[in-house]
Amino acid sequence: MPGGLEERYIRLEVMSGKNLQVPSGRIPAGVYVSITVESRGCWKSAISVLSSDRSVVWGNTVTLPSHTSPALSVEIRASYEAGRMLGSGKVIRKLQMSWDELLDHGDEPFDVSFPPVRNVCPSLTLRAAAVHACDDQDNTLSDSLVDSDITRDTDAGHARLARYMRSRMVFLLNDAVQHFQSVLDQCPVGHPDHAAALTNLAYARLEGYIQNHLQDIDTTTSLFHESLALRPQGHPDHVSSLYNLITALNWRHRKESTAVYIHESALLCCKLLPLCPEGTYLRSIGVDGAVGYVIKTLPIDASDEGIHLRRNILELCPVGQQLRPRALRLLAQALRTRFKQCGNIDDIDEAIQLHREAVCLCSKGHSDRSRFLNSLALSLVNRFRNQGKLNDLDEAITLHEESLHLWPVGHEFHDFALDNLGGALVTRFNKRGDIDDITRAIILRREALTLCPPGHPRRDTILNNLAHALITRYDKSYVSEDLNEAIDRYRESHLLTRLDNPERHAILCSLSRALCSRFMHTRKNGDVEEAIQLCQEALASLPSLHPDKCRSHARLQKAYLSRYCIQHNPTDLSSAIEHFRLSSIHPTEGFPQRIILAIEWAGQAEIYQHESALEAYQMCFELFDSHVMSRSSIFSRREAATAFHGAQSLPVDAASCATRRDNLRQAVELLEQGRGQQWSLASRLRTPLEDLWSANPQLSQRLSELSKHLSHAQGSTGSTDPAAADRAATEYRRLTGRWKAAVAEIRNLRAFSRFLLPPSYEDLQAAARQGPVIILIASQYSCSAIIVPTSGDPHNVPLPSVSLTELNNLKDRFARAIRHASVMGPKVPRNDLIVLLRTVWNEIMLPIVNVLENVLKLNHRSRIWLCPTAAFTSIPLHAAHPFQTNADGSKEPCLEDLYICSYAPTLSALVRSRQMMKKRVTPSFATIGQSQPGAGKGKALLAVDSELELVHKFVPATAKRITISGDTATRAGALQALEENTWVHLACHGKQDPAQPYDSHFVMRDEHLTLLDIMEKDIPRAEFAFLSACHTAVGDEKTPDEVIHLAAGLQFSGFKSVIGTLWEVNDAVAKHVVEAFYKYMFMDLKDGKGVVMDCSKAAWALNCATHAVKTKVPLEQRMVFIHIGV
């Protein structure tokens, strides 16, 4: 080295360190560097916190006298205190260095490597430079550490504990504890090192507890508690004290499995995580592991406090944090449990949302993916059982299949995967009836049972679930072996189930169900008596609002009804009905299950002629209304309405029941409440609010805005992305809740108590203001007509010679006759149709006409409205004809000779149209035609263009006229014309979609103009539409009483008067009807004289037109046109 070292100094900068870890594994509060020059003292760097990559940055500088000693000693030490140190910490590694080694690197930083710790060499990055004088007295060597008993005992304790950690020799642990106890004795309460002494002693004791060398954990946790109390938030060692106590509590929970310790640990974790930033060694090595254990083992707690705690934990695990998936699942499981206990749909929706995020964060190959898939699937099945959405069930089965693949044979959770998939398949079998589902479910659950031999903790659950699959198959196949095995499995499960098992009530009810089935087969009273006792026990064990209380009532109802069927004790029937009632009104069970029970209630009340039948029907409609309104898309509402066996006939069966009990007013009310629910629900969002505005403008404005938001939110089909669909459904439900709250507030106003409630008979009678409305009821129990007159009570017209079976047969015969007539020549007699129309006259319309003429004294050529239900909707009632010649040679008049017939899809729709007639505007007339629909969309309609010209010729000059045809007759062009004009004539191909009636459409040049497109428009100024297209006024087979067709859609959107068609139209001959119709429609407006265009004349004009073209147009093409509306 140039020059001598006499009176020379070296300035040494300790820059950073890497790969630093304590040999014993204890997590230090920080790390510092100690430099000792022989006989001249030592220097200590600052204590710096380790980063997650085991590195430290110091940037401290010391000036060393190099002439007093040939070398220096460098030590890396761990400190277990971030603030005031107790002792000198634990040496990680030390190294002797010469001055030459320091100065050989010039002024550049260099690394110094130390002997390995756990096979990794720690290192320091230093920089050294020679200086001529010590110009910084603050960064020089000082005297050695004060040598005291406290320091010696502390260092000795650390040394013994480090050796114990390597060797597990108990005497070393005892020595360490003695040394730390001695330190604590020397640092009593009030001593500045008291907290550090408590911590060291507690840590040593904890290590012994972990290795089972010490058993007293109470003292250890008490010491940590006391230390934490002395180090409040803001203290340098507060974080490490929290972590130490959490570690002790976690270990205690590992060994004792007592929930109180893990709960306390979870609360402390919520305090610790915000104080321990990402990137620190303590966070990555210690805290994340401790919190991970808490998340993994924290028992499910569905209390408000438990869910709040789990929310806090999740908030402390942001996106990107490795613990987030488990924190998501932790909260989701608590919410799912609360849903099962309380039935709040918001809980299961949120649980599914959380599970979805967890699954997304665990891509394929992630060790926890199968667990998260399984949890999501279980939640989806729970929601399906509550809401009845088939998409949930199908998705759940797909997820369970993936879980089974990820938990194969030999995996510890293989039995879970088998059992859960089996459960989802049983649920789907109950919905769809595919025998392959239930067969596979039983196979899967038998395999699961083999994996849970006697003594296995899950054997009781698997036995119960296998029995459930067997009894489900028995209910469809009636194989006695399934029933007997199910009972045996249930009994074994019952014996194994602890009295405090929260699912015990379900096992009791399931066994009861099986015993009832056997009682009906064997008539052994012991079975039904036990079944009733089991259900009563199950009911008694549940809190009043538990969702499963509903199912328990349902099982008890079945038990009583089973006994009544055999023993005929009226008390049993009364008990059964009471439990039907209680299960149907149970508020925390989902609507689908309650609807099923209410439908069954109505059916059983009809069978046994019980007085509660009308109450049961009323309950069905109320539940249906609430259930359908909860759906966020129009398509899903129809899916909900068609999902229940026996629901299609409820409106007519309810009306029949009320009629048989001579309560005709209620019959009309129930029929209206049960029919057309899709239109009724949609119309609520378009209710005129003028009267409300006068009474309360603010409330009117709020409801109006909410209705618009709801209308916008409902959409048509919803998103194909399940997570997005869930979010949309949640938002829709939130808006619905606010809308319902506003409606409830309105009903508190004077004169608005029945706002948006099902209309009363008095409300509905407004539909008959211009002439009687004839409701035709086709029920399995009776067929009849109810005539609603302009004033007074309704009139019942029994139709004794007509049954529902005969009506369905008549409907089918009409369909065949119409098809046959369509290929016949125009002059060939339509004998089949004549026979059928004569039947309609004699057996259906003649008894009604007799009442109109003889009771109501209705003048001939008066208007009447037909409101057909069920099978009647497919029969051309307006065309009823006796085809009979009198003795004097005169012809017996037909229905259309006697009266001007119109149709009303529902009475409410007719009332709404009448109310909107007040808003008259200057008429404008649009003719829309598409004769060349394009490839694959139907044949060319050669008469369309001439038909449009014909119509245009008749339209009065006072009306603004527009024609859209050819290339301009697009979907958008047609929609715009519908919105901008009050009168419309539409000539094109029309198609009723039998599978999805909302997809029924008019064929335009580019895209179809669908019923859904029309429904989404609100055109209150519209007046009249003539639909010269096929199938525009016929509903679908599944839900005929919903009257979902194109003509009804136009009436809903605002057109008060609509002419539609019941079947296919021949455009070549239809123009004769069109010409005659407009001739009569506008005959008073020639040359611009006279009255304004009046859409209420349409029924009369159509009647006149069909009479006028008898010689030109075949019978089926005259019958095809019907009038709907005012």
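Since the structure is predicted, the reported quantities are computational estimates derived from the model, not experimental observations.

Colleague: Give me the lowdown on the nonpolar core, citing residues and values where you can.
Modeller: Among the nonpolar cores identified, the biggest contains 330 residues, and I35, V773, I844, M845, L877, F1002 and F1077 are the most heavily contacted of them. Ranked by residue count, the leading element in this core is helix α33 (residues 831-854), at 11 residues. Each residue touching V773, except ones within four places of it in the same chain, is listed here: A767, A768, I786, I787, V788, W865, C867, L907 and L910. In terms of nonpolar packing, the next biggest core, distinct from the first, is built from 15 residues, L692, L703, L735 and F755 among them.

Colleague: Hey, could you go over the sheet that holds strand β19 (residues 1009-1010) for me, with residue numbers and the actual values?
Modeller: Here we have three strands laid out as an open sheet, ordered β17-β18-β19, and antiparallel in their pairing. Strands at the two margins of the open sheet, each flanked by one partner only, are β17 (990-991) and β19.

Colleague: Can you explain the packing of aromatic side chains? Please cite residues and give values.
Modeller: For the coordinates displayed, the defined rule picks out 18 aromatic pairs. Judged by centre distance (6.5 Å) and plane angle (70°), the rings of F925 and F1082 are edge-to-face. With F925 in strand β14 (residues 924-929) and F1082 in the loop between α40 (1067-1081) and α41 (1098-1108), this residue pair connects regions lying 157 residues apart in the sequence. Among the aromatic residues, ring-to-ring pairing joins F925, W983, F1024, F1026, F1077, Y1078, F1082 and F1121 into one connected group. Directly above the aromatic system of F644 lies the positively charged group of K431, at a separation of 5.4 Å from the ring centroid. The lysine or arginine in question, R458, covers the ring of F416, its NZ or CZ lying 3.8 Å from the ring centre.

Colleague: Give a description of the pattern of salt bridges that names residues and reports values.
Modeller: A complete count under the given rule lists 49 salt bridges for this structure. Here D967 ties to R1005 by a salt bridge, and the two come within 2.2 Å at their closest N and O atoms. With D967 in the loop between β15 (960-964) and α37 (971-980) and R1005 in the loop between β18 (1001-1002) and β19, the pair connects residues that are 38 residues apart, well separated along the chain. With relative accessibility at 59%, the residue D967 sits in the exposed group. On the basis of relative accessibility, which here comes to 27%, the residue R1005 falls in the partly exposed class. A single salt-bridge network, built from bridges that share partners, covers D394, R428, R432 and D437.

Colleague: Give a detailed account of the side chain of R310, specifying residues and quantitative values.
Modeller: Structurally, R310 can be placed in helix α9 (residues 304-315). Despite its burial, R310 pairs with no opposite charge; the closest candidate is D301, at 4.4 Å N-O. Each residue touching R310, except ones within four places of it in the same chain, is listed here: L298, P299, I300, D301, L330, L331 and A334.

Colleague: If you had to explain helix α19 (residues 525-541) to someone new, which residues and values would you point to?
Modeller: Between the first and last C-alpha of α19 there are 25 Å, a value that for 17 residues agrees with the 24 Å anticipated at 1.5 Å per step. Considering only its buried residues, α19 is in contact with α17 (480-496), α18 (504-522), α20 (548-567) and α21 (570-585).

Colleague: With reference to specific residues and values, describe the side chain of Q387.
Modeller: Inspection of the secondary structure puts Q387 in helix α12 (residues 369-387). When neighbours within four sequence positions are excluded, Q387 is seen to be in contact with I345, P592, H627, S630 and R631.

Colleague: So what about the environment of Y164? Which residues, and what values?
Modeller: Along the polypeptide, Y164 turns up in helix α2 (residues 149-167). Along the chain, Y164 and R1005 lie 841 residues apart, while their C-alpha atoms are 88 Å from each other. Leaving out residues up to four positions away in the same chain, Y164 has contacts with M169, V170, L172, L173, E207, G208, Q211 and H213.

Colleague: Residues and numbers for the sheet that holds strand β1 (residues 9-18), please.
Modeller: Read across the open sheet, the four strands follow the order β4-β1-β8-β7; overall the sheet is antiparallel. Only two strands of the sheet have a single neighbouring strand rather than two, namely β4 (56-65) and β7 (110-113). Between one strand axis and the next, the sheet turns through 30° on average, direction left out of account. Where β1 meets β4, eight bridges bridge the pair, whose relative direction is antiparallel. Among the inter-strand pairings, Y9 is bridged to a residue of β4, identified as P65.

Each value, and the rule that gives it
Residues numbered from 1 in each chain as written. Predicted model: local features only at pLDDT ≥ 70, side-chain atom pairs only at ≥ 80, totals over all residues. Heavy atoms only, no water. Core = buried A, V, L, I, M, F, W, Y, C linked by side-chain atoms within 4.5 Å. Buried < 20%, exposed > 50% of the residue type's maximum accessible area, 1.4 Å probe, protein only. Helix = DSSP H or I, 4+ residues; strand = E, 2+ residues; numbered from the N terminus. Contact = heavy atoms within 4.5 Å. Pairing = 2+ DSSP bridges. Phe/Tyr/Trp six-rings, centres within 6.5 Å; stacked < 30°, edge-to-face > 60°. Lys NZ or Arg CZ within 6 Å of the ring centre and 35° of its normal. Salt bridge = Lys/Arg side-chain N within 4 Å of Asp/Glu carboxyl O. Lys, Arg positive; Asp, Glu negative; His and termini not counted. Expected span 1.5 Å × (residues − 1). Axes fitted to C-alpha atoms, helices over the stretch in contact; angles between N-to-C directions.

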